[in-house]
Amino acid sequence: MSAPSPAPPSRPRVVFGLLPLPERNQLAQALRTETVGGVILLFAAVAALVWANVSGSSYAAVSDFHFGPAALGLDLSVAHWAADGLLAVFFFVAGVELKRELVAGELRDRKAAALPVVAALCGMVVPALVYLLTNLLGGGSLTGWAVPTATDIAFALAFLAVIGASLPPALRAFLLTLAVVDDLFAILIIAVFFTDDLDFLALGGAALGLLVFHLLLRAGVRGWYVYVPLALAVWGLMYNSGVHATIAGVAMGLMLRCSRREGEEHSPGERMEHLLRPLSAGVAVPLFALFSAGVSMRDGMLADVFTRPETLGVVLGLVVGKALGIFGGSYLVARFTRAELSPGLVWADVFAVASLAGIGFTVSLLIGELAFEDDPRTAAEVKAAVLIGSLIAAVVSGVLLRLRVREYRRLEEEAERDEDESGVPDVYERNDPAHHLRMAAIHERKAAEHRALAERAGAASNKPDSPA
């Protein structure tokens, strides 16, 4: 009896490979919205800087203007309404994105989720360590350790739209998923480390409101007139409880169902994300930037960024810590799981994306305000450090991406090729018999056209010359 033939060796897992077509289409839609939002965010940040440096008194007067029902503990300044109120919309969308990733996206598969989760975690731990080391050596305050841990996906994607428009979709999806996980860890940092003295009565009321919100969703109750007042009540109670009010937005976003049922074209979570993402990216976040990024660069503020340990730690954390953390985490996961990069990509591409993740803006500014709430001068300098660190990270990643732009364009052309004109790229139809029949017909038609051209050319060459 012959010995059984050995089993063929298993093929190594590929990272940053071809995305499923539905996920690719959904990614393209999300990227369009985030890119437009990033451009608006950039204009808002520039407007804030110009306003604060041209007319600092009027900027401060508008930012510090208070309004709201004082009886409910909500007589807040414009800047606080932007940070605590409008950003709740941003974090609500982040909660929905996280839920969708967990049930229908890349995070639903533990093996596939390992790469962005570990990369995001390393991309937060290493910048925090860089900040702590810089301030331990320089004798600075350790309070701002969390400032350089966040990635601003809107700014990053807007920058990609200009510099890295041909970046393969898998790397873009990695950046987007990484930012979603990054947001989750940032939310946990805010909830755990930046919670004031708790008002348990208000916190209990917020918890009760979230329970009612969950039960209404489970019962299938519809109507904005039910959920909007309830959401506002939960937000107000959460704010007065001492827990940062944006946590209410995340909690409600995570409660939405993001899996589709039979007969549904979109789940409730997808509908809400589609409805609120433009409001978040185009209004909430830019207004927060307008009243948070206004830093006066006078009185040696710019020079202090590179001399004070607190601000230098933020810059180094964003530029060096983010790149090394995300790249190192990705490389270790690939090596431990014996995975290989998708054909056409090299590890330098992953490092470029990791450098791009050093653009930390929205959440970094928010954490900076919370960390140095009692020290306005340091808080302003930390804001300047966030802006400068993000700018340096953008320039570094831009240079790295431009070095590989020809290869990205070649990969993009290959991924978009649709020779059979079916409306679906050929790479998704490799195992479809109908695709092979269509391609055979196309090749036969082209061969017939070539033969006809050759016959006409031969006939023309054999035709006798006409008499002079």
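Everything below is about the structure printed above this text.
The following paragraphs examine the structure supplied in this document. Note that the structure is a prediction, hence the values are computed from the model and not measured. (Residues numbered from 1 in each chain as written. Predicted model: local features only at pLDDT ≥ 70, side-chain atom pairs only at ≥ 80, totals over all residues. Heavy atoms only, no water.)

**Focus: the overall build of the protein chain**
Filter applied, for reference: Comment: elements are numbered from the N terminus, with helices defined as DSSP H or I runs of at least four residues and strands as E runs of at least two. Under the scheme applied here, a residue whose accessible area is under 20% of the maximum for its type counts as buried, over 50% as exposed, and between as partly exposed, the area being computed with a 1.4 Å probe on protein chains only. Note on definitions: a residue-residue contact is assigned when non-hydrogen atoms from the two residues lie within 4.5 Å. Reported accessibility uses the Shrake-Rupley method at a 1.4 Å probe radius. Residues are deemed covered only where the shown protein chains occlude them.
When its secondary structure is counted, the protein chain shows 17 helices and four strands. The buried share among the 468 residues of the protein chain stands at 47%. In the protein chain, once contacts between residues fewer than 6 apart in sequence are set aside, the share between residues at least 24 apart is 77%. Taken as a whole, the protein chain presents about 23,400 Å² of accessible surface, with 65% of it coming from carbon and sulfur.

**Some details on a nonpolar patch on the surface**
Just so we agree on the cut-off: For patch building, the residue pool is restricted to those with more than 30% relative accessible area and no salt bridge; the joining distance is 9 Å between like charges and 5 Å between nonpolar side chains (Val, Leu, Ile, Met, Phe, Trp, Tyr). One side-chain nitrogen of Lys or Arg within 4 Å of one carboxyl oxygen of Asp or Glu is enough to make a salt bridge.
On the surface, Leu42, Val46, Val50 and Val54 cluster together into a nonpolar patch covering about 360 Å² of accessible area. Mapped onto the fold, valine 50 is located in helix H1 (residues 21–54).

**Some thoughts on the side chain of glutamate 270**
The line we're drawing: Any pair of N or O atoms that falls within 3.5 Å is considered a polar contact. Within protein, one atom must be able to donate a hydrogen and the other to accept it, and sequence-neighbouring residues count only if both atoms are side-chain atoms.
As for its placement among the helices and strands, glutamate 270 is situated in helix H10 (residues 268–290). Within the structure, glutamate 270 has its side chain in polar contact with the backbone nitrogen of serine 267 (distance 2.9 Å).

**With respect to the nonpolar core**
Quick note on the threshold: Among buried residues, those of type Ala, Val, Leu, Ile, Met, Phe, Trp, Tyr and Cys that are joined through side-chain atoms within 4.5 Å constitute a nonpolar core.
Counting residues in hydrophobic clusters, the biggest one holds 103 residues, and the most contacted among them are Phe91, Leu175, Leu178, Val314, Phe361 and Leu366. Per element, the largest residue contribution to this core is 13 residues, and it comes from helix H6 (residues 169–193). Look past the residues within four positions of valine 314 in its chain and what remains in contact with it is Tyr131, Val147, Pro148, Val382, Ala385 and Val386. By size, the runner-up hydrophobic cluster in this structure holds six residues, among which are Leu74, Leu76, Trp81 and Trp235.

**What about the pattern of salt bridges?**
For the coordinates displayed, the defined rule picks out eleven salt bridges. In this structure, the salt-bridge partner of glutamate 270 is arginine 260, at a minimum N-O distance of 3.0 Å. You can see glutamate 270 sitting in helix H10 and its partner arginine 260 sitting in the loop between helix H9 (246–255) and H10, a full ten residues away along the chain. Arginine 410 is the partner of glutamate 407 in a salt bridge, and the nearest nitrogen-oxygen pair spans 2.6 Å. Residue glutamate 407 and its partner arginine 410 are both found in helix H16 (residues 405–416); the two are separated by three residues, about one turn of the helix. We classify glutamate 407 as partly exposed; its relative accessible area is 22%. Taking the relative accessible area as the measure of exposure, arginine 410 reaches 38% and is therefore partly exposed. A single network of salt bridges, built from pairs that share partners, joins Glu97, Arg100, Glu273 and Arg277.

**Some words on helix H13 (residues 347–356)**
The element H13 is extensively covered by neighbouring structure, given that eight of its ten residues are classed as buried. Of the residues making up H13, those classed as buried are Trp347, Asp349, Val350, Ala352, Val353, Ala354, Ser355 and Leu356.

**Examining the side chain of threonine 151**
Tracing the backbone shows threonine 151 in the loop between helix H4 (110–138) and helix H5 (153–163). A relative accessible area of 4% means that threonine 151 is categorised as buried. There is a polar contact of 3.2 Å between the side chain of threonine 151 and the side chain of lysine 322. Discounting chain neighbours no more than four positions away, the residues touching threonine 151 are Asp182, Asp183, Lys322, Ala357, Ile359 and Gly360.

**Describing the packing of aromatic side chains**
The line we're drawing: Working definition: a ring pair exists when centres of Phe, Tyr or Trp rings (six-membered ring for Trp) sit within 6.5 Å. Plane angles under 30 degrees give stacked, over 60 give edge-to-face, the rest tilted.
Summed over the entire model, instances satisfying the criterion amount to 14 aromatic pairs. On the numbers, 5.1 Å between centres and 75° between planes, the contact of phenylalanine 90 with phenylalanine 91 is edge-to-face. Each member of the pair, phenylalanine 90 as well as phenylalanine 91, carries the same accessibility label: buried. Here phenylalanine 327 and tryptophan 347 contribute two aromatic rings whose centre-to-centre distance is 5.9 Å and whose plane-to-plane angle is 90°, an arrangement assigned as edge-to-face. Residue phenylalanine 327 is located in helix H12 (residues 309–336), and its partner tryptophan 347 is located in helix H13; the two are separated by 20 residues in the primary sequence. What makes tryptophan 347 buried here is its relative accessible area of 17%. Ring pairing ties together the aromatic residues Phe65, Phe67, Trp81, Trp235 and Tyr239, which thus form one cluster.

**Section: the packing of helix H3 (residues 78–103) against helix H14 (residues 362–371)**
The description of two packed helices rests on the angle between their axes and on the distance between the axes. Going by this rule: As a rule, the C-alpha atoms of each element are fitted with a line to give its axis, helices using only the stretch in contact, and angles between N-to-C directions run from 0 to 180 degrees. By convention the crossing between two helices is left-handed if the near helix lies anticlockwise of the far one by an angle smaller than a right angle, and right-handed if it lies clockwise.
One way to put it is that H3 packs onto H14 with a least axis distance of 12 Å and a crossing angle of 145°. The element H3 and its partner H14 pack so that their crossing is left-handed. Residues Ala83, Leu87, Phe90 and Phe91 of H3 lie in contact with H14, whose contacting residues are Thr362, Val363, Leu366 and Glu369.

**Notes on the environment of glycine 389**
With respect to the helices, strands and loops of the structure, glycine 389 is situated in helix H15 (residues 376–403). C-alpha separation for the pair glycine 389 and glycine 358, spaced 31 residues apart in sequence, amounts to 7.6 Å. Residues within four places of glycine 389 in sequence aside, it is in contact with Val315, Leu318, Val319 and Gly358.

Nothing here speaks to function; it is all geometry.
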